[in-house]
Amino acid sequence: MEKKLIFGHKNPDTDSICSALVYADLKTKLGANVEPVRLGAVSNETQFVLDYFKVAAPRQVETVANEVSEVILVDHNERQQSASDIEQVQVVEVIDHHRIANFETSNPLYFRAEPVGCTTTILKKMYKENGVEIPKDIAGLMLSAIISDTLLLKSPTCTEQDVKAAHELAEIAGVNLEQYGLEMLKAGADLSDKSIAQLLSLDAKEFQMGSAKVEIAQVNAVDVNDVLGRQAELEAAVSKIVADKGLDLFVFVVTDILNNDSVAVAIGNATHAVEKAYNVTLVDNKAVLKGVVSRKKQIVPVLTDTFASL
């Protein structure tokens, strides 16, 4: 049986890495030959999770076609967010909770996308559907992904399914949901050791919005000034990315995990789209986005609609 690789998106967040590990565990128990891998570095938050539950990080790969002919995608489906040579392999499964865009295959596949806050919420259902018991460490990974993607169940992306799953998984994992969750988020929000390049790539995704090419990066912080105090250096690096990639817009979002607001720094020739989308005025290329914490629900769709109307 030929091996298949399972991986999340580039610049992987906690959900991407945990989902790859979790789905590999389930598929292996169902008799498949799979390996979880990652398309980028492990963040502080994800490393905290892996250390806490004593799980090794999946190995990092740059390309996949040199290893396998079939792959399984978790936590993404847009091809620009996937492996650089994704066109050279067959995608046989997708488990995701994002919009579906820039995706087509030449053969039928198993595609499961649900409007929930986290991919592991879907995977938890799949364990139950297949009659497979969830081990303590796997429950911990699933829980951590939900906490990360929903900002401890406070994001507008969070559904009742996520809440129910989180409480059940916390019990299996043997942790206090609130206490562990806050400790985990604070570990991820410690950006003191990150370079500007690292801040911009920790959780960055490219999107096609109409005719515009847009990249949105997001980091969580306890104090947004820890990041914005380096704005001049940040803008210089973003401007280079915009030029190198031919982007129309780069939005760097710093989310305050305590107050549930964000500050956006926008660079490019289409920054007016940010002003129109949120009815704000950019001052020194930045603006406060009140109540905005979710890229998936409060940024990507809003900007996509705005570009469509320009």
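In case you missed it, the structure is sitting above this.
Here the structure is a predicted model, which means the values were calculated and not measured.

Asks: Sorry, what's going on with the layout of surface pockets here?
Replies: Empty space among the atoms becomes visible once a probe the size of a water molecule is rolled across them. The space that makes up the largest pocket amounts to roughly 240 Å³. Residue lining of the largest pocket: Thr121, Lys124, Lys125, Tyr127, Lys128, Val132, Ile134, Gln161, Lys164, Ala165, Glu168 and Ile172, and that is the complete set. Elements supplying a minimum of two residues to the lining of the largest pocket: helix 3 (119-129) and helix 5 (160-173). Taken together, the residues of the lining of the largest pocket sort by class into five nonpolar, two polar and five charged.

Asks: What's the story with the state of the cysteines in this structure? I'm lost.
Replies: By definition, a disulfide links the sulfur atoms of two cysteines through a covalent bond. Tallying each qualifying case throughout the model produces zero disulfides. Cys18 forms no disulfide, and the closest cysteine sulfur to it belongs to Cys118, at a distance of 8.3 Å. Taking the relative accessible area as the measure of exposure, Cys18 reaches 0% and is therefore buried. There is no disulfide at Cys158, and the cysteine sulfur nearest it, in Cys118, is 9.7 Å away. On the accessibility criterion, Cys158 (19% relative accessible area) is buried.

Asks: Would you mind going over the pattern of salt bridges with me for this structure?
Replies: Between side chains of opposite charge, pairing is possible as soon as their charged atoms come close. Under the defined criterion, the tally for this structure stands at 18 salt bridges. Salt-bridge contacts for Glu114 lead to Arg112; the nearest nitrogen and oxygen are separated by 2.9 Å. Across this residue pair, the class does not change: Glu114 and Arg112 are buried. Between Glu206 and Lys245 there is a salt bridge; the shortest N-O distance is 3.2 Å. Of this pair, Glu206 sits in strand 7 (residues 204-209) while Lys245 sits in helix 9 (residues 231-245); the two residues are 39 residues apart in sequence, bridging distant segments of the chain. Overall, Lys245 belongs to the partly exposed group, its relative accessible area being 35%. One salt-bridge network, in which partners are shared between bridges, spans Lys3, Glu35, Arg59 and Glu67.

Asks: I tried to follow the side chain of Thr119 on my own but got confused; where do I start?
Replies: As for its placement among the helices and strands, Thr119 is situated in helix 3. Given the relative accessible area of 0%, Thr119 is considered buried. In this structure the side chain of Thr119 is engaged in a polar contact, spanning 3.0 Å, whose partner is the side chain of Asp75. Once residues lying within four places of it in the same chain are set aside, the contact partners of Thr119 are Asp15, Ser19, Asp75, Ile95 and His97.

Asks: How should the packing of helix 3 against helix 5 be read in this particular structure?
Replies: Describing two packed helices takes the angle between their axes plus the distance from one axis to the other. The geometry of helix 3 relative to helix 5 is characterised by a closest axis approach of 10 Å and an angle of 65° between their N-to-C directions. Considering the angle they form, helix 3 stands roughly perpendicular to helix 5. Like other packed secondary-structure pairs, helix 3 and helix 5 cross with a definite hand, here left-handed. For the pair helix 3 and helix 5, the contacting residues are Thr121, Lys124 and Lys125 in the first and Gln161, Asp162, Ala165, Glu168 and Leu169 in the second. Here the contact of helix 3 with helix 5 is composed, by residue class, of two nonpolar, two polar and four charged.

Asks: Looking at this model, I keep getting lost on the nonpolar core. Mind explaining?
Replies: Judged by nonpolar contacts, the single largest core of 53 residues is most densely connected at Tyr23, Leu141, Leu143 and Tyr180. If we skip the residues at most four places from it in the chain, Tyr23 touches Ile6, Ile72, Val74, Glu93, Ile95, Leu123 and Met126. The next biggest cluster of nonpolar side chains, apart from the first, holds 23 residues, and it includes Ile216, Ala273, Leu282 and Leu289.

Asks: I tried to follow the sheet that holds strand 11 (residues 286-289) on my own but got confused; where do I start?
Replies: Each strand in a sheet pairs with another by means of backbone hydrogen bonds, the pair being arranged parallel or else antiparallel. Strands sit in the order 7-8-9-10-11 across an open sheet of five strands; the sheet is mixed. Taken across any chain shown, the strands that pair with only one partner, and hence form the sheet edges, are strand 7 and strand 11. Each strand axis lies, on average, 25° off the axis of its neighbour in the sheet, ignoring direction. Relative to strand 10 (residues 261-267), helix 9 is tilted by about 55°, and along the sheet it contacts strand 7, strand 8 (212-221), strand 9 (249-256), strand 10 and strand 11.

Asks: Explain unusual backbone geometry here, please?
Replies: With the exception of glycine, the majority of residues adopt a negative phi angle, and the majority of peptide bonds are in the trans configuration. The phi dihedral of Leu152 is positive, around 60°, even though this residue is not glycine. By the secondary structure assignment, Leu152 is in the loop between helix 4 (136-150) and helix 5. A residue is classified by how much of its surface remains accessible, and Leu152, at 6% relative accessible area, is buried. Even without a glycine there, the phi angle at Asn279 is positive, about 55°.

Rules used throughout
Residues numbered from 1 in each chain as written. Predicted model: local features only at pLDDT ≥ 70, side-chain atom pairs only at ≥ 80, totals over all residues. Heavy atoms only, no water. 1 Å grid on protein atoms, 1.4 Å probe; cavity = no way out; pocket = protein on both sides within 12 Å on 5 of 7 lines; lining within 4 Å. Points joined across faces, edges and corners; volume = space filled by probe spheres on them. Helix = DSSP H or I, 4+ residues; strand = E, 2+ residues; numbered from the N terminus. Nonpolar A, V, L, I, M, F, W, Y, C, P; charged D, E, K, R; others polar. Disulfide = S-S within 2.5 Å. Buried < 20%, exposed > 50% of the residue type's maximum accessible area, 1.4 Å probe, protein only. Salt bridge = Lys/Arg side-chain N within 4 Å of Asp/Glu carboxyl O. Polar contact = N/O pair within 3.5 Å; in protein donor to acceptor, adjacent residues only side chain to side chain. Contact = heavy atoms within 4.5 Å. Axes fitted to C-alpha atoms, helices over the stretch in contact; angles between N-to-C directions. Parallel < 35°, antiparallel > 145°, perpendicular 65-115°, else oblique. Left-handed = near helix turned anticlockwise from the far one by under 90°. Core = buried A, V, L, I, M, F, W, Y, C linked by side-chain atoms within 4.5 Å. Pairing = 2+ DSSP bridges.

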